[in-house]
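Coordinate analysis (summary)
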Amino acid sequence: MRDERGSESLTGQVAEFIATTRFAAIPPDVVALGKKSILDGLGLALAGARAKSGKLIRRHLAGLGTVGGGASVLGTALRLPARFAAFANGTAVHADDYDDTQLAVAADRVYGLLTHPTAPALASTLAVAERDRRSGRDLLAAYHVGVEVECKIAEAIDPRHYQHGFHTTATCGTLGAAAGVAALMKLTPPQARTCLGIAGSLAAGLRENFGTMMKPFHAGRAAESGVIAAEFARLGFTATPIVLEAGRGFFRAAGGGYDAGAISGKLGKPWTFADPGVSIKPHPSGSLTHPGMTRMLELIRRHDIRPAQVVSVKVGTNRNMPNALIHHRPVTELQAKFSMEFCMAILLLERKAGLREFTDEIVNRPDVQAMIRKIDFGVHPEAEAAGYDKMTTILEIALTDGRLLRGRADFGKGSPAIPMSFDEVADKFRECARFGRWPRHTTEQVVAMVRDLETLRSVRDLTALLACRDREGRAGAAPLKFAR
């Protein structure tokens, strides 16, 4: 089928990629990069299970009578139908805003990042793979298809999609999750087109909800919607076969336009994981804070900066970044994740910014609030001139002895420019597992299993290590208590 301009349908190309891509077609280096993000996502699910949002979601799902099913809610004893497990796990992966981010290619792509690819793609494919007793190789292939489709669609849509308020993890994430599950279910090309058509109508999520529980909800809902879209397509439901490129389709309705060249002939050529890459977060805060945090931590250590020495700090970025880092005087942990001021302040005070630093109690500590007031965050002409394909951050730190320390960073630790090794990601996984009160021996088994995921005969062997066997949490480190 051709689109309205007489060209080969863009949706058709994506559907063909979904239906025909096999594990053998994915380069070994791309598989290795995907394993890092998968391990990262699994750890975040364990940590995110303790979030208040997770507790509320589980209460809601239990109230619907959905308890019992073929898929695990990681970090808990709960089992649910796949769609609901995908919802709960996707929300948990994104709960701490600690999950990976796609980097952009074009200079007009806002912030140099577009979507959080793993939360929707992993939560959806993992739930279905566990339910259907699929192998680690099957999971890897489906996950990579989901991430690739999600990222290429995010790259293609006009930047106004994000600028005007849509959250790409919610919108493009829905299409990516649908693609991954469709690949896992081995849908035919026509079924995959229908799946995308259904997903396009399910895609939703607004950036106005950043700094609230709705942001991680977006990722969970995208994962669930992906499962729904694939299952209805397999049943024979109907939907438009040109959902991406149609005049009233996803790209125009949600973005006002698109660049077909970002997708056509580009799926897996190269894979997004290979170029331009996916960034893994060293801190549980918005990615836009990470270049500045990376450089700030370097300056603190190099010059042995003490909190009492700090007179003022100026942080300058391009004009788009303050549009997302909107909380200048945060009073909650969720607001702090989107506060450049808090992220700088906590490093100056603690020299670290991990899960335990992002709590309401620490955000409202008098010394933290006092340091926040010393930080001035705004637009810097040098950062603006660097382009929106970077997250350029300029730092100026004035000290009591008269020194003025300066620094600049375009990207942060964990980006392809400063990558984390598998072992570094494993350390982050261990941090998340400890935060989720998971036993050390089980944690090490998960690390080893993901390292060799393509050899795993059943995904259930992996999820068994990430879910409690009973309500007392005997496969976990402690009874299931989720208050934070």
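Summarised in this report is the structure supplied together with it. Only a predicted model underlies this, so the values are computations on that prediction, with no experimental measurement involved.

Considering the pattern of salt bridges
Overall, the coordinates contain 25 salt bridges when judged by the stated rule. In this structure, Arg 79 engages Glu 130 in a salt bridge whose closest nitrogen and oxygen atoms are separated by 3.1 Å. Here Arg 79 is found in strand E2 (residues 79-80), whereas its partner Glu 130 is found in helix H5 (residues 118-131), with 51 residues between them in sequence. The class for Arg 79 is partly exposed, based on a relative accessible area of 31%. Between Arg 451 and Asp 423 there is a salt bridge, with its nearest N and O atoms 3.2 Å apart. Pair noted here: Arg 451 is in helix H19 (residues 440-451) and Asp 423 is in helix H18 (residues 422-435), with a separation of 28 residues, a long-range link. A relative accessible area of 38% places Arg 451 in the partly exposed class. For Asp 423, a relative accessible area of 47% translates into the label partly exposed.

With respect to the sheet that holds strand E6 (residues 375-379)
Taking strand neighbours across the sheet as the criterion, the 4 strands line up as E6-E5-E7-E8 in an open arrangement whose pairing is mixed. This sheet does not close on itself; its edge strands, each paired only once, are E6 and strand E8 (404-409). The average undirected angle you get between the axes of adjacent strands in this sheet is 15°. Across 6 bridges, the pairing between strand E7 (residues 393-399) and E8 is antiparallel. Across the sheet, Leu 395 pairs through a bridge with Gly 407, a residue of E8. Together, strand E5 (310-317), E7 and E8 form the strand contacts of helix H12 (residues 290-303), whose direction differs from that of E7 by roughly 35°.

A word on a positive patch on the surface
On the surface, Arg 356, Arg 434, Arg 437 and Arg 440 cluster together to form a positively charged patch. Relative to the helices and strands, Arg 356 resides in the loop between helix H14 (340-350) and helix H15 (360-363).

Details of the pairing of E5
Across 6 bridges, the pairing between E5 and E7 is antiparallel. Bridge assignment links Val 315 to a residue of E7, and that residue is Leu 395. Sheet topology note: the E5/E6 ladder contains 5 bridges and is parallel. If you follow Thr 317 over to E6, its bridge partner there is Val 379.

Some remarks on the side chain of Thr 169
Examined against the element boundaries, Thr 169 turns out to sit in helix H8 (residues 168-184). Among residues more than four places away in sequence, those in contact with Thr 169 are Thr 115, His 116, Pro 120, Thr 174, Ala 219 and Ala 222.

Comments concerning the layout of surface pockets
Taken as a whole, the largest pocket encloses approximately 550 Å³ of empty space. In this structure, the largest pocket is lined by 24 residues; those nearest its centre are Tyr 98, Pro 282, His 283, Lys 352 and Ala 353. Among the elements of the structure, H12 and H18 are those that each provide at least two residues to the lining of the largest pocket. A per-element tally of the lining of the largest pocket places H18 first, with 6 residues. Of the residues that constitute the lining of the largest pocket, the class distribution is 8 nonpolar, 3 polar and 13 charged.

A look at the nonpolar core
Ile 18, Leu 42, Phe 250 and Phe 251 are the most contacted members of the largest nonpolar core, which has 110 residues in total. The element contributing the most residues to this core is helix H6 (residues 136-156), with 12 residues. For Ile 18, the residues in contact, after removing those within four places along its chain, are Val 145, Val 149, Ala 179, Ala 182, Ala 183, Ala 192 and Leu 196. Counting residues in each nonpolar core, the second largest holds 42 residues, with Leu 288, Met 296, Leu 349 and Ile 372 among its members.

A short note on unusual backbone geometry
Excluding glycine, residues mostly carry a negative phi; peptide bonds, for their part, are mostly trans. In this chain, Lys 269 is followed by Pro 270 through a cis amide linkage whose omega measures 0°. Mapped onto the secondary structure, Pro 270 falls in the loop between helix H11 (250-255) and strand E4 (278-279). Omega for the peptide link from Asp 275 to Pro 276 comes to 10°, which places this bond in the cis form. In this structure, Lys 186 takes a positive phi of about 55° despite not being glycine. Note that Lys 186 resides in the loop between H8 and helix H9 (189-202).

Scoring rules and cut-offs
Residues numbered from 1 in each chain as written. Predicted model: local features only at pLDDT ≥ 70, side-chain atom pairs only at ≥ 80, totals over all residues. Heavy atoms only, no water. Salt bridge = Lys/Arg side-chain N within 4 Å of Asp/Glu carboxyl O. Helix = DSSP H or I, 4+ residues; strand = E, 2+ residues; numbered from the N terminus. Buried < 20%, exposed > 50% of the residue type's maximum accessible area, 1.4 Å probe, protein only. Pairing = 2+ DSSP bridges. Axes fitted to C-alpha atoms, helices over the stretch in contact; angles between N-to-C directions. Contact = heavy atoms within 4.5 Å. Patch = residues over 30% accessible without salt bridge, like charges linked within 9 Å, V, L, I, M, F, W, Y side chains within 5 Å. Areas by Shrake-Rupley, 256 points an atom, 1.4 Å probe, with all protein chains shown as cover. Lys, Arg positive; Asp, Glu negative; His and termini not counted. Charge placed at Lys NZ, Arg CZ, Asp CG, Glu CD. 1 Å grid on protein atoms, 1.4 Å probe; cavity = no way out; pocket = protein on both sides within 12 Å on 5 of 7 lines; lining within 4 Å. Points joined across faces, edges and corners; volume = space filled by probe spheres on them. Nonpolar A, V, L, I, M, F, W, Y, C, P; charged D, E, K, R; others polar. Core = buried A, V, L, I, M, F, W, Y, C linked by side-chain atoms within 4.5 Å.

Just distances and angles here, no functional claims.
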